[in-house]
Amino acid sequence: MSFHMSPEEFLRQSQAVMQWIADYHDHRVTELPVLSQVESGEIRASLPPDPPQHGEDFATMLADFDQKILPGITHWQSPNFYAYFPTGVSGPSLLGEFLSAGLAIQGMLWTTSPACTDLEAHMMDWVVKLLDLPEHYLSPLSRPGSSGGGVIQDSASSASLCAILAARERATAGRFNEEGGDGRLVAYTSNQAHSSIEKDVKVAGIGRKNLRLIPVDEHAENFAMDPIALRDQMVADRAAGKVPFFVSATVGTTSSGAVDPLPEIGAICEEFGASGVKPWLHVDGAMMGTAAVCPEFRGIHRGLKLADSYLFNPHKWMLVNFDCTCMFVKDRAALVSALSVTPEYLRNSASDAGEVIDYRDWQVPLGRRFRALKLWFVLRHYGVEGLQFYIRRHVEAAAQFAGWVEADPHFELVTPRSLNLVCFRLKPRDIASDASEAGKLEDEPAVNARNEALMKELNASGQIYLSHTKLAGKYTLRLCVGQAQTEIEHVRKAWELIQTVGRGL
Ligand code: PLP
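Residues numbered from 1 in each chain as written. Predicted model: local features only at pLDDT ≥ 70, side-chain atom pairs only at ≥ 80, totals over all residues. Heavy atoms only, no water.

1. Brief notes about the overall build of the protein
- The number of helices and strands found in the protein is 16 helices and 11 strands.
- Here the protein has a C-alpha radius of gyration of 25 Å; the compact-globule value for 505 residues is 23 Å, and the two agree.
- With the C-alpha coordinates of the protein rotated into their principal frame, the extents come out at 85 × 70 × 45 Å.
- Of all 505 residues assigned to the protein, the portion counted as buried reaches 50%.
- Taking as baseline every contact in the protein between residues at least 6 positions apart, the subset at least 24 positions apart corresponds to 71%. (Helix = DSSP H or I, 4+ residues; strand = E, 2+ residues; numbered from the N terminus. Rg over C-alpha atoms; globule rule 2.2 N^0.38 Å. Buried < 20%, exposed > 50% of the residue type's maximum accessible area, 1.4 Å probe, protein only. Contact = heavy atoms within 4.5 Å.)

2. Here's the deal with the site of the ligand
- Neighbouring residues of the ligand: 13 residues in total, closest Ala156, Ser157, Thr254, Asp284 and Lys316.
- Ala156 places a main-chain nitrogen or oxygen 2.7 Å from an oxygen atom of the ligand.
- In this structure, Asp284 approaches the ligand through a side-chain N or O atom, which is 2.6 Å from a nitrogen atom.
- Mapped by element, the contributors of at least two residues to the shell around the ligand are α6 (156-171) and α11 (314-317). (Near = heavy atom within 4 Å. Polar contact = N/O pair within 3.5 Å; in protein donor to acceptor, adjacent residues only side chain to side chain.)

3. Thoughts on the domain arrangement of the protein
- When its domains are assigned, the protein resolves into domain 1 (7-74), domain 2 (97-379) and domain 3 (387-503).
- Each of domain 1 and domain 3 was reduced to a C-alpha centroid, and the two centroids are 34 Å apart.
- With six residues of domain 1 at the contact, the number on the domain 3 side is six residues.
- Counting each side, the surface lost to burial between domain 1 and domain 3 is near 460 Å², with a carbon and sulfur contribution of 65%.
- Three residues, Val34, Leu35 and Gln37, lead the burial of domain 1 against domain 3; their summed loss comes to 71% of the area buried on that side.
- At the surface where domain 1 touches domain 3, the tally comes to zero salt bridges.
- There are one residue pair in polar contact (both at pLDDT 80 or more) connecting domain 1 and domain 3.
- Residue composition of the side of domain 1 that touches domain 3, grouped by class: four nonpolar, two polar and no charged. (Domains from an automatic or database assignment. Buried area = accessible area lost by both parts, 1.4 Å probe. Salt bridge = Lys/Arg side-chain N within 4 Å of Asp/Glu carboxyl O. Nonpolar A, V, L, I, M, F, W, Y, C, P; charged D, E, K, R; others polar.)

4. Here's the deal with the sheet that holds strand β5 (residues 280-284)
- Taken in spatial order, the seven strands of this open sheet run β1-β7-β6-β5-β4-β2-β3, and their pairing is mixed. Of all the strands in the sheet, the pair left with one neighbour each is β1 (149-153) and β3 (211-214). Recorded for the sheet is a direction-independent mean angle of 20 degrees between the axes of neighbouring strands. (Pairing = 2+ DSSP bridges. Axes fitted to C-alpha atoms, helices over the stretch in contact; angles between N-to-C directions.)

5. What to know about the layout of surface pockets
- Taken as a whole, the largest pocket holds about 580 Å³ of empty space.
- As for the largest pocket, its lining consists of 29 residues, and the residues nearest its centre are Arg332, Glu355, Val356, Ile357 and Asp358.
- When residues of the lining of the largest pocket are traced back to their parent elements, those giving at least two are α5 (114-130), β1, α12 (332-339) and α13 (349-352). (1 Å grid on protein atoms, 1.4 Å probe; cavity = no way out; pocket = protein on both sides within 12 Å on 5 of 7 lines; lining within 4 Å. Points joined across faces, edges and corners; volume = space filled by probe spheres on them.)

6. Concerning the nonpolar core
- The biggest cluster of nonpolar side chains holds 70 residues, and the ones touching the most others in it are Phe328 and Leu375.
- Looking at which element gives the most residues to this core, the answer is helix α14 (residues 372-407), with nine residues.
- Inspection of this core shows a minimum of three residues originating in each of domain 2 (97-379) and domain 3 (387-503).
- The residues touching Phe328, leaving out its near neighbours within four places in the chain, are Met124, Val127, Val128, Leu133, Tyr137, Gly149, Gly150, Asp308, Ser309, Tyr310 and Phe312. (Core = buried A, V, L, I, M, F, W, Y, C linked by side-chain atoms within 4.5 Å.)

Below you can see the structure in the form of C-alpha cells.
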C-alpha cells in the first residue's frame with residue numbers, strides 16, 4: 001500500500017498545473033484586478049478549520065486553489081503592476097525552479113551536490129561579466145589568485161546582513177564573534193536606504209543607536225547620500241571613541257531610485273582606513289543593478305571598485321523569479337570566518353582539503369536550494385541581448401511616462417526620473433479666490449491628501465497598482481516599469497487613467 005502520488009498521476013496533474021500557469025500568464029493575469037480585493041479574514045473563512053483525515057484528490061485541490069486562493073492574490077505579474085519594485089518571472093526561470101524543486105537537494109556543502117555549488121560559482125562569474133562588475137568579485141577559477149567571489153542569497157536583506165557580519169568580523173579581528181560587542185561599532189547609511197539595513201543592524205547586535213542615517217541632498221532633488229555629512233559624522237564618531245565599521249550605499253533607492261555617490265563615499269572609507277579600522281563599504285543595488293546589463297546605464301556603478309561587497313536582485317528586474325540575490329565580496333575570508341561553524345557531522349574530505357566552496361559558510365542558514373539553475377536558464381534563454389532588450393524597453397516606457405507627466409499642467413515630477421522609476425504627484429492647486437490672492441497655492445497637507453486619494457482610487461479600480469512614498473514631506477506616487485509583459489500601451493493606458501482620476505480630485 002502507498003499513499004504516494006503515482007508517477008502517472010503526477011504527470012497528469014503536472015500537466016494541469018502547467019496549463020494553469022500558462023493560461024494565467026497568457027491572459028488571466030490581465031483579466032483579474034491587479035490589487036486583491038478581498039477583505040481580511042475572507043480567505044481563512046473559506047478553508048476548513050481542521051486538516052483532512054483522508055487524503056484528497058488533486059483536481060479538487062487545484063480547483064480550490066483557483067476559487068479560494070486566487071481572489072486573495074495581488075497580481076505582481078500583471079503588466080499593469082507598477083508598485084514597489086517588480087518581481088521577475090519568465091518561462092526559463094520557472095522551468096529552472098521546477099527542476100530545482102524536482103531534485104529537492106540541499107546544497108549546503110560542495111559534497112552534498114557538487115553541481116549546485118559549481119554552477120552557482122560559475123553563474124556568479126558570468127554575472128560579473130554580464131554587469132561589467134569589478135574583476136575582484138570573480139572567483140579564483142576565473143581570476144587565479146582572486147580572494148573574492150559571489151554567492152546567491154535568498155534576499156537582499158539577508159545579503160546585507162551577511163555583509164554587516166563580515167564587516168564586524170574584519171573590524172574586530174573576530175573578537176565580536178568570540179566575546180560579543182563593546183558597543184563601539186557604528187554603521188552608516190542614508191536616510192533613504194532600504195529598511196533592511198536598519199533591521200540587519202539590529203539583528204547583527206550592533207544596536208539601533210549605532211546606526212547613523214545620513215541626510216541626503218534634497219536640494220539637488222535626487223535624494224542621494226550627502227558625502228560631506230557622512231564624513232562629518234564619521235569624524236565626530238571617531239573622535240568620540242566609536243569605530244565606524246560599515247557604510248551601506250544604495251544604487252537605486254526604493255523611494256526614488258537615487259544613486260549614492262560611490263566614488264566620494266568610497267574615498268571616505270579609504271581615508272578612514274589609512275588611519276585606523278577601514279569601514280567596509282557595502283553597495284545595495286537591489287533593483288537598479290540589473291540596468292548595468294546595458295552598457296549605457298553602467299554609470300550607476302561608477303566607483304563600485306571601492307566596495308567590499310555588492311548585491312543586486314535578479315528576482316526584481318532580471319526575469320528570474322523570487323528568490324535570487326547575487327552577492328559579491330572582494331575578500332571572502334572575512335565573510336567565511338564570520339559564518340563558519342563546523343560540527344563533526346558536517347566534516348568531509350573535500351571541505352577538509354580546502355579545495356572547494358561550501359556556500360553554507362557564506363549565508364545564515366545551513367541549507368540551501370539550487371537557485372543557480374533558474375539563473376542559468378534565464379541567461380541562456382535570453383542571452384545578453386534579450387535582457388538588454390527588456391531593460392531598454394522598460395526604461396523607454398518610463399521616460400515616455402515622465403514626459404507625459406511633465407507636459408500635463410495638473411501633475412509634476414517630484415524627482416527627475418531614475419531609469420525605470422518615475423516619482424510624480426498632482427501639483428498644488430491655485431486656490432486664489434480673487435486677483436488680490438494671485439498665485440496662492442493649496443498648502444502641502446491638502447496636496448498630500450489629494451494625492452493619497454488619487455492613489456487609493458487608482459488601486460481600488462483594480463486596473464493598475466501603484467505604491468507611494470514621501471519625499472521631503474511630499475506624498476509621492478511611484479510608477480516603476482519592470483514587469484516582463486509590460487508594453488508601452490499598458491503604460492499609456494495607466495497614464496490616461498491617472499489623468500482622468502487625478503483631474504477629478
Ligand atoms: N534594498 C532595496 C534598495 C530594496 O528596494 C529592497 C526591496 O525592495 C530591499 C533591499 C529588500 O529586498 P529583499 O526583499 O530581497 O530583502
